[in-house]
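# Architecture and fold: a report
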Amino acid sequence: MSIQVLKPKFHIDECLAQVRECLEKGWTGSGFKTAEFEQKWKEYTGHPNACYLNSNTSGLHLAVNILKRRYGWQEGDEIISTPITFVSTNHAIMYEGLKPCFADVDEYLCLDPQDVERKIGPKTRAVMFVGYGGRVGQLDKIIALCKKHNLRLILDAAHMSGTRVGGVMPGTWDGIDATVYSFQAVKNLPTGDSGMICFAEEALDKECRMVSWMGINKDTYARTTSEGTYKWNYGVDYLGYKYNGNAIMAAIALAQLPYLDEENARRREIAAMYDKAFAPNPNIQIIGAPYAQECSYHIYEIVVPDREALLAELARHDIYGGVHYRDNTEFSMYTYAQGTCPRAHEISQHIITMPLHMYLTDEDVNRIAEIVNNFVK
Ligand SMILES: *Cc1c(COP(=O)(O)O)cnc(C)c1O
């Protein structure tokens, strides 16, 4: 049996039962299960606001769109971001005519507060922080920096579903303007494609509900259910987008959510097994996680001298590693920033993502670690 790097686990009977409710009711669009999932997510995370969307990418775009309007940002203003991320993070900044200004990463592959501070300039308006691998990195220091320099802070929490620090979800920390989660097909809480944006400020959540639904100022589900008969009339206040989440995806999310904590606990077990196996190997660098006992461990990466050779060696055993992520300044879109983040550039040529998912047995993990240790000498 081949071993994939990421493989979502679906609780199929529960998912089907939830989806069946949507089909029987004849409600698969926004509302119904999406409202229920927003409520459950608020209870689970402690966020006061949660707006369900069709993806995290849409959410990141909305965060920039809405904060831009709120704070009067201009085209050409800058948001400090990381080059080690899925390209959505940086495209979201570009969608609004703002410019990603790249800062280097720290030992956790998250934004390095010292380099962020160096890169703050007259046009800097915000910082976009990625909780890479589910890790919080030095988010506390980034929050302090943003407060000091009066910058907004957006948290790309695509990897962070279930990550806590001292029992608290870091996305809820004071000083973060918007936290955006992903429930894409291989994330810790997989649906098919969907996401959640959690604004700290209630007024921005209200605005987001309109902007994510074409700018329409009334909710179709509320119009239909609370008033008995469907009221067709509505206004349009914003140049909105069709970014709303749907009830089918929310139904799957509702079925998956009760398993998130126990599955993350299993992820931590696997990460600890890898850590233990690789620690004695001087040619393997482990990426540490602060508060590892509460990390969601969306992915587990190591740094090795010859990544391509190790990928090939694993493939020879029908085991498939991955690469998360290529330094974004290597993409033609972002070459203007080449050379500005030397650590990110260096490390992105050597990181390899190890298989980590619910279908791995302890034997699988030990066998993978042994193959890696025997090869990387
Ligand atoms: C997956 C991912 C995204 C995009 O999430 P979608 O829900 O697929 O839009 C953004 N940022 C990071 C770091 C991701 O891993």
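In short, a report on the structure. Predicted model, so just to flag it, every value in this text is computed and none were measured.

## Observations concerning the overall build of the chain
For the chain, the helix and strand inventory stands at 13 helices and ten strands. Taken over the C-alpha trace, the chain has a radius of gyration of 21 Å; the compact-globule value for 377 residues is 21 Å, and the two agree within 12%. If one aligns the C-alpha atoms of the chain with their principal axes, the spans along those axes are about 70 × 55 × 40 Å. Relative to its full complement of 377 residues, the chain shows a buried share of 55%. Residue pairs at least 24 apart in sequence account for 73% of intrachain contacts in the chain once pairs closer than 6 positions are excluded. Carbon and sulfur atoms form 53% of the exposed surface of the chain, whose accessible area is close to 15,700 Å². Across the chain, 38 positive and 47 negative side-chain charges occur, with their mean positions spaced 3 Å apart.

## Remarks on the layout of surface pockets
Considering only enclosed or pocket space, the largest pocket measures out at about 560 Å³ in volume. What lines the largest pocket is a set of 27 residues, and nearest its centre among them are Ser30, Arg209, Trp213, Asp219 and Thr220. Looking at the lining of the largest pocket, its residues break down into eight nonpolar, ten polar and nine charged. Considered as a void within the structure, the second largest pocket measures approximately 280 Å³ in volume.

## Comments concerning the packing of aromatic side chains
Within the structure shown, the criterion is met by 15 aromatic pairs. Seen in terms of ring centroids, Phe86 and Tyr325 are 6.5 Å apart; in terms of plane orientation they differ by 45°. Their pairing is tilted. Placement of the pair is Phe86 in the loop between β2 (78-81) and α4 (88-94) and Tyr325 in the loop between α11 (307-316) and α12 (342-348), with a sequence separation of 239 residues. You can call Tyr325 buried: its relative accessible area is 13%.

## Topic: the site of the ligand
Around the ligand lies a shell of 16 residues, among which Thr57, Asp156, His159, Ser182 and Lys187 are the nearest. In the model, an oxygen atom of the ligand is placed 2.5 Å from a nitrogen or oxygen of the Thr57 side chain. One nitrogen or oxygen atom from the side chain of His159 is found 2.7 Å from an oxygen atom belonging to the ligand. Coverage of the ligand by the protein amounts to 93% of the 390 Å² it exposes when considered alone. Mapped onto the shell around the ligand, the elements with two or more residues apiece are α3 (56-71) and α4. Across the shell around the ligand, the residue classes break down as four nonpolar, ten polar and two charged.

Criteria and thresholds
Throughout this document, residue positions are counted from 1 along each chain, in the order its sequence is written. For a predicted model such as this one, the threshold for reporting local features is a pLDDT of at least 70, and the threshold for listing and counting side-chain atom pairs is 80 or more; totals across whole chains, interfaces and linings nevertheless cover every residue. The side-chain numbers reported here are obtained from all heavy atoms of the structure, hydrogens and water having been left aside. Starting at the N terminus, helices and strands are each numbered in turn, a helix being any DSSP run of H or I of at least four residues and a strand any DSSP run of E of at least two. Computation of the radius of gyration draws on C-alpha atoms, with the globule rule given as 2.2 Å multiplied by the number of residues to the power 0.38. Working definition: with a 1.4 Å probe on protein chains only, accessible area under 20% of the residue-type maximum means buried, over 50% means exposed, and in between means partly exposed. Throughout, a residue-residue contact means that at least one pair of heavy atoms, one from each residue, lies within 4.5 Å. Surface exposure here means Shrake-Rupley accessible area, sampled with a 1.4 Å probe, where a residue is shielded only by the protein chains that are shown. For the purpose of counting charges, residues Lys and Arg are taken to be positive, whereas Asp and Glu are taken to be negative. His and the chain ends are not included. By convention, the point assigned to a charge is CZ for Arg, NZ for Lys, CD for Glu and CG for Asp. Only protein atoms enter the 1 Å grid, on which a cavity is a set of points fitting a 1.4 Å probe that cannot get out and a pocket is an open set with protein on both sides within 12 Å along at least 5 of 7 lines, lining residues being those with an atom within 4 Å of a point. Grid points are joined across faces, edges and corners, and a volume is the space filled by probe spheres set on the points. Ten residues, namely Ala, Val, Leu, Ile, Met, Phe, Trp, Tyr, Cys and Pro, are considered nonpolar, four, namely Asp, Glu, Lys and Arg, are considered charged, and the remaining ones, Gly among them, are considered polar. Two rings belonging to Phe, Tyr or Trp (six-membered ring only in the last case) form a pair when the distance between their centres is within 6.5 Å. Interplanar angles under 30 degrees mark stacking, angles over 60 mark edge-to-face geometry, and anything in between is tilted. Any residue with a heavy atom positioned within 4 Å of a molecule or strand is treated as near that molecule or strand. We call two N or O atoms a polar contact when they sit within 3.5 Å, provided that within protein one can donate a hydrogen and the other can accept it, with sequence-adjacent residues counted only if both atoms are side-chain atoms.

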